[in-house]
Structures are given as C-alpha cells and as structure tokens.
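# Per-entry structural report
Okay, here's what each chain looks like letter by letter:
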Amino acid sequence: MDRVVIIGSGAAGLSAAIRLAEENVPSFIVEEMPPWRAQSNMAEGGINAALDTMGQHDEPVLHEEETYKAGRFLACREAVRRLTHSAPQIVNTLFAWGMSLNLNEDGTIQQRPFGGQT
C-alpha cells in the first residue's frame, strides 16, 4: 500500500498520522521545521475549546458565537459550528494522546481568554 504524505507536524498533522495508524494506513510526515518549531508549538495562545475547566461557564454555543463574531461574520457558519462543538473532544483526545498542555493544580487543562474568546 502507498503511504499518505502528511504536510506539517503540528497538532493536525500528528493527529492525522495517529488516525491513519489506527486504520493501519502507513503515513509519512514532511515538516520543514524541527518539531519544537511546529506551528502548534509556536501558537502561544494555545487551542480554543469550551472545556469549562476554569469556572468560566463556557460552552460550545458561546464559543461558536464568539468565533463567528471574531471572524466578522464572514466564515461559513456550519464550519464554525462543527469546529467549536467538536473542539472539546478534539482537545481532550490530543491531551490523552500525550500533547503537552498547561494544567491546573487539579490536573485539568488550564485555559485563558484569547483571540476574541471569553
């Protein structure tokens, strides 16, 4: 079987490689930068997801509204809805796979507002 070529070793690229491996599909990751310079590592703000780990009472519906507004209402509304409503599961999966995230003292994922999000 041919290999799937994945461009980039950030969270999306590594997630794709893991999912392909789960399906026994070989893949090959191409990245021009060393792993510590992958875009996901360089995104100092982190990853947006409504996890409510800081007592801020966030939820995917609010995340959807704020994301759509931050994009000046130009984004595809359905794409924003799908992204924001699946974000908690995606972040929790990445964390379970070993992605390094800042944690609260109780071991939950630490969050802070950024990028037009509360």
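Structure shown above.
Read on for a plain summary of the structure. Note that the structure is predicted; figures quoted are calculated from it, not measured.

## What about the pattern of salt bridges?
- Considering all chains together, one arrives at five salt bridges under this definition.
- Linking Glu 22 and Arg 19 is a salt bridge whose minimum nitrogen-to-oxygen distance equals 3.2 Å. Of the two residues, Glu 22 and Arg 19 are both situated in helix H1 (residues 11-22); the distance of three residues between them amounts to about one turn of the helix.
- With a relative accessible area of 46%, Glu 22 lands in the partly exposed category.
- A salt bridge links Glu 78 to Arg 82, with the shortest nitrogen-to-oxygen separation between them at 3.0 Å. One end of the pair is Glu 78 and the other is Arg 82, both in helix H4 (residues 77-96) and four residues apart, which spans about a single turn.
- Overlapping salt bridges bring together Glu 64, Glu 65 and Arg 77 as one network.

About the cut-offs
Residues numbered from 1 in each chain as written. Predicted model: local features only at pLDDT ≥ 70, side-chain atom pairs only at ≥ 80, totals over all residues. Heavy atoms only, no water. Salt bridge = Lys/Arg side-chain N within 4 Å of Asp/Glu carboxyl O. Helix = DSSP H or I, 4+ residues; strand = E, 2+ residues; numbered from the N terminus. Buried < 20%, exposed > 50% of the residue type's maximum accessible area, 1.4 Å probe, protein only.

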